[in-house]
Amino acid sequence: MAGRSTGLLAALAFAVTPLMVSMFGHTMEDGLLTMSLALAFASFQKGVVTGRTLPFVFAGLWIAVGFQAKMLQAWFIVPALVIAIVVTTAPPRVRLLRAFLLGAVTVAASLSWMGIVQFVPAADRPFFDGSVSNDVFASVFGYNGLDRFVPGIVPGAAPAFSASVIAPGADGRSPFKLLLPAFTTQVGWFYPLALLGLVTAAVRLRSGAAPPSLRAVDTEAASAPLVIGLGGWLVTAAAVLTVAPVPHTAYLAAVTVPVSLLAAIAVGDAVMAARRGRPASLLVVIAAETLWTVGILVGTGLSPAWLLAFVSVCGAAALVLAGSTRAGPSTLASVAAGLAMLAAPGVWTVSTVDPALAGTANDAYAGPRVGTVPYFFQTDAPESERRSFSRFALLPPDLSQPGPQLTDEQRNLADFVRRSPGHDGAPLFTTSTWQDAEPYILAGGLNVRALGGYSGAVPSPTLASIRRGVRQQATSYFLFPARSPTGRIPDTESQRIVAWVTGRCSYVPDDVYEGATTLPGQSLWACTRGT
């Protein structure tokens, strides 16, 4: 953030944040979002330090890149940066111009793709998932945004599924989620350092002096906007994550960059103060971080005994060594303090070399699963849900490992439909949910259609289009539940389609395609042209 050593400390803290290793180790849009916001803050910092206007424009563009990846989550940083620009020492007109430019560029570039696509007539574009009215703005600002706080607030948005798929007792619903072991093991190891960095920077600025770590490069006039921008970003992200249900752990990446930077400021300031003969700050930093780390290890109940003992001994040794001299921390004290702070998150981070402890592309998570995590995609592989370090295995990368494969039963079903007379294969068959279609599309590369889209609420395809398709080919196939629920009036287009197919078409016995063993709850239905 300021001096080179502070920047390296921040990079180190970020690198050993366990969630980051799992998240960047998989193909996830959260990685692009995190990178974009880090670069946005770097551009903002350059604008504040140099007094130039162009960097603020680039900050807005980087935020917009993050918006394309994760939509409104990219805007968590905007209020803090706008406020920080307003408190700079530039002339009032310049401050307002810069704040306006950052905000305008952010909004215009963020909405550019949405505007272009929305301009295309609805009949000539795919139906927008997350909406019931084929409206991309309802999808982004409703289904993926405000409806997660106030359901139904944005007209045309599909019901926000994140609030309904997380079990009532899951950690993802708790207002204290950022402090629960399930999440502190992923992003919270350096919370005390971040808090100390923010408090000490604010106190020093209030007294009219820039924090030592900021004075290394920045002017004192630039320090206040940087602290306000960084602290405001963290507070905004933490507040939103506290209130909103969190459907998977990667959402918490929103706090990792500001936490890492503020933690580096705390350590940098404490070391500089110790070198000036005032070791009190360094002792507080070491004690707070050691106690917090021990608390997390005890709270999870998963820590190996040796790790708990190692952190405790290193923390105690660092306190004794750092407090025994006023000439600044010795090399031995620095090593002991570093080990006390980094050993535990380092173990969680390194554990990701074991695939069973590395999370997945659907839910980034490093180390053993703790508590009731909000992961809503069920997996058939218990190894991906391992809850201890007891069977840790260091596995080399297998570059020849094949991708996902269809099961024998799924392959038999697809082959049966493909060989059926009178079927032109467009689509091969239709499923009732996207989860049922996923393996055939991703692993088999097949043209399979799902009802309802990802949200399950998209009225596409319609019953009328399904009936029209049935009339146009000799046989149409559907992979639907065994029977439509009885005694219930279908209230969505998908439910009406399922009811029509299961009520009028022919059931294909499982043994015809040998699909009975691994297709629970799914049955194949054949609709002929005369249906």
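Quick look at the structure, then. (Residues numbered from 1 in each chain as written. Predicted model: local features only at pLDDT ≥ 70, side-chain atom pairs only at ≥ 80, totals over all residues. Heavy atoms only, no water.)

### Examining the overall build of the protein
Piece 1. Within the protein one finds 20 helices and five strands.
Piece 2. Within the protein, counting contacts between residues at least 6 apart in sequence, those at least 24 apart form 67% of the total.
Piece 3. Only carbon and sulfur atoms are counted for the fraction: they give 65% of the accessible area of the protein, which is about 23800 Å². (Helix = DSSP H or I, 4+ residues; strand = E, 2+ residues; numbered from the N terminus. Contact = heavy atoms within 4.5 Å. Areas by Shrake-Rupley, 256 points an atom, 1.4 Å probe, with all protein chains shown as cover.)

### Examining the sheet that holds strand β4 (residues 506-508)
Piece 1. Ordered in space as β2-β1-β3-β5-β4, the five strands form an open sheet in which the pairing is mixed. Only two strands of the sheet have a single partner each, and these edge strands are β2 (448-450) and β4. Mean inter-strand twist for the sheet, computed between neighbouring axes without regard to direction, equals 30°.
Piece 2. With six bridges joining them, strand β3 (residues 475-480) and strand β5 (residues 523-528) adopt antiparallel strand pairing. Looking across to β5, one finds that Leu-479 is bridged to Leu-524.
Piece 3. This element, helix α18 (residues 434-442), spans β1 (429-431), β2 and β3 of the sheet and lies at about 160° to β2.
Piece 4. Where helix α19 (residues 463-472) meets the sheet, it contacts β2, β3 and β5, and its direction lies at approximately 135° from that of β3. (Pairing = 2+ DSSP bridges. Axes fitted to C-alpha atoms, helices over the stretch in contact; angles between N-to-C directions.)

### Details of the pairing of β3
Piece 1. Counting buried positions along β3 yields six of six residues, so the element is predominantly enclosed.
Piece 2. Judged by which residues are buried, β3 turns out to be covered on both faces: Thr-475, Tyr-477 and Leu-479 on one side and Ser-476, Phe-478 and Phe-480 on the other are all buried.
Piece 3. Note: β1 against β3, two bridges, orientation parallel. Bridging across to β3, Thr-430 finds its partner in Phe-478. (Buried < 20%, exposed > 50% of the residue type's maximum accessible area, 1.4 Å probe, protein only.)

### Considerations on the pattern of salt bridges
Piece 1. The full count for this structure, using the stated rule, is six salt bridges.
Piece 2. Residues Asp-363 and Arg-369 are paired through a salt bridge, measuring 2.8 Å at the closest nitrogen-oxygen approach.
Piece 3. Since its relative accessible area comes to 0%, Asp-363 is described here as buried.
Piece 4. Relative accessible area serves as the criterion here: at 3%, Arg-369 is assigned to the buried category.
Piece 5. Between Arg-411 and Asp-408 there is a salt bridge, with its nearest N and O atoms 3.1 Å apart. Of this pair, Arg-411 and Asp-408 both sit in helix α17 (residues 408-419), separated by three residues, roughly a single helical turn.
Piece 6. Exposure remark for Asp-408: the relative accessible area of 51% places this residue in the exposed category. (Salt bridge = Lys/Arg side-chain N within 4 Å of Asp/Glu carboxyl O.)

### Some words on unusual backbone geometry
Piece 1. Residues Ser-460 and Pro-461 are joined by a peptide bond in cis, for which omega reads 0°.
Piece 2. One can find Pro-461 in the loop between β2 and α19.
Piece 3. The residue Met-71 is not glycine, and still its phi comes out positive at about 55°.
Piece 4. You can see Met-71 is positioned in the loop between α4 (54-70) and α5 (78-86).
Piece 5. For Met-71, a relative accessible area of 23% gives the class partly exposed.
Piece 6. One non-glycine residue, Asn-134, lies in the positive phi region at around 60°.
Piece 7. Structurally, the position occupied by Asn-134 is in the loop between α6 (92-119) and α7 (136-143).

### Considerations on the nonpolar core
Piece 1. One finds Phe-41, Phe-44, Ile-63, Ile-77, Phe-190, Trp-233 and Leu-241 to be the most contacted residues of the largest nonpolar core, which totals 81 residues.
Piece 2. Top element by residues in this core is helix α13 (residues 256-275). It accounts for 10 residues.
Piece 3. When neighbours within four sequence positions are excluded, Leu-241 is seen to be in contact with Lys-177, Leu-178, Val-246, Tyr-251, Leu-252, Ala-254 and Val-255. (Core = buried A, V, L, I, M, F, W, Y, C linked by side-chain atoms within 4.5 Å.)

### Here's the deal with a nonpolar patch on the surface
Piece 1. There is a patch of nonpolar side chains on the surface, built from Leu-146, Phe-149, Val-150, Ile-153 and Val-243 and spanning about 460 Å² of accessible area.
Piece 2. Its location among the elements puts Val-243 in helix α12 (residues 220-243).
Piece 3. You can call Val-243 exposed: its relative accessible area is 62%. (Patch = residues over 30% accessible without salt bridge, like charges linked within 9 Å, V, L, I, M, F, W, Y side chains within 5 Å.)

### Considering the side chain of Ser-36
Piece 1. Mapped onto the elements of the fold, Ser-36 is located in helix α3 (residues 29-50).
Piece 2. Those residues in contact with Ser-36 that lie beyond four places of it in its chain are Trp-62, Val-65 and Gly-66.

### A few points about the environment of Arg-467
Piece 1. In this fold, Arg-467 is placed in helix α19.
Piece 2. Considering only alpha carbons, one finds Arg-467 and Trp-500, 33 residues apart in sequence, at a separation of 9.2 Å.

### With respect to α18
Piece 1. The set of residues buried in α18 consists of Trp-434, Asp-436, Ala-437 and Tyr-440. Along α18, the residues classed as buried sweep out an arc of 150° about the axis, all on the same side.
Piece 2. In this structure, the buried side of α18 is in contact with α17, β1, β2 and β3. (Arc of directions from axis to C-beta.)

### Focus on the state of the cysteines
Piece 1. Throughout the structure, instances matching the rule amount to one disulfide.
Piece 2. In this model Cys-505 forms its disulfide with Cys-527; the gap between the sulfur atoms is 1.8 Å. Given an S-S torsion of about 100°, the disulfide between Cys-505 and Cys-527 has right-handed geometry. Of this pair, Cys-505 sits in the loop between α20 (493-504) and β4 while Cys-527 sits in strand β5, and the two are 22 residues apart along the sequence. (Disulfide = S-S within 2.5 Å.)

### Digging into the packing of aromatic side chains
Piece 1. Summed over the entire model, instances satisfying the criterion amount to 15 aromatic pairs.
Piece 2. Note on Phe-41 and Phe-44: the rings are 5.5 Å apart at their centroids and 45° apart in plane angle, and the pair reads as tilted. Of this pair, Phe-41 and Phe-44 both sit in helix α3, three residues apart, roughly one helical turn.
Piece 3. Looking at Phe-41, the relative accessible area reads 3%, which means it is buried.
Piece 4. For Phe-44, a relative accessible area of 0% gives the class buried. (Phe/Tyr/Trp six-rings, centres within 6.5 Å; stacked < 30°, edge-to-face > 60°.)

### A closer look at the packing of α4 against α6
Piece 1. Between α4 and α6, the least distance of the axes is 8 Å, while the angle of their chain directions is 30°. As judged from the angle between their axes, α4 and α6 are roughly parallel. Two packed elements cross with a definite hand, and for α4 against α6 that hand is right-handed. Of the residues in α6, those in contact with Phe-56, Val-57, Ala-59, Gly-60, Leu-61, Ile-63, Ala-64, Phe-67 and Gln-68 of α4 are Arg-98, Leu-101, Leu-102, Val-105, Thr-106, Ala-109, Ser-110, Leu-111, Trp-113 and Met-114.
Piece 2. Broken down by class, the residue content of the contact of α4 with α6 amounts to 14 nonpolar, four polar and one charged. (Parallel < 35°, antiparallel > 145°, perpendicular 65-115°, else oblique. Left-handed = near helix turned anticlockwise from the far one by under 90°. Nonpolar A, V, L, I, M, F, W, Y, C, P; charged D, E, K, R; others polar.)

Coordinates in, geometry out; function isn't part of it.
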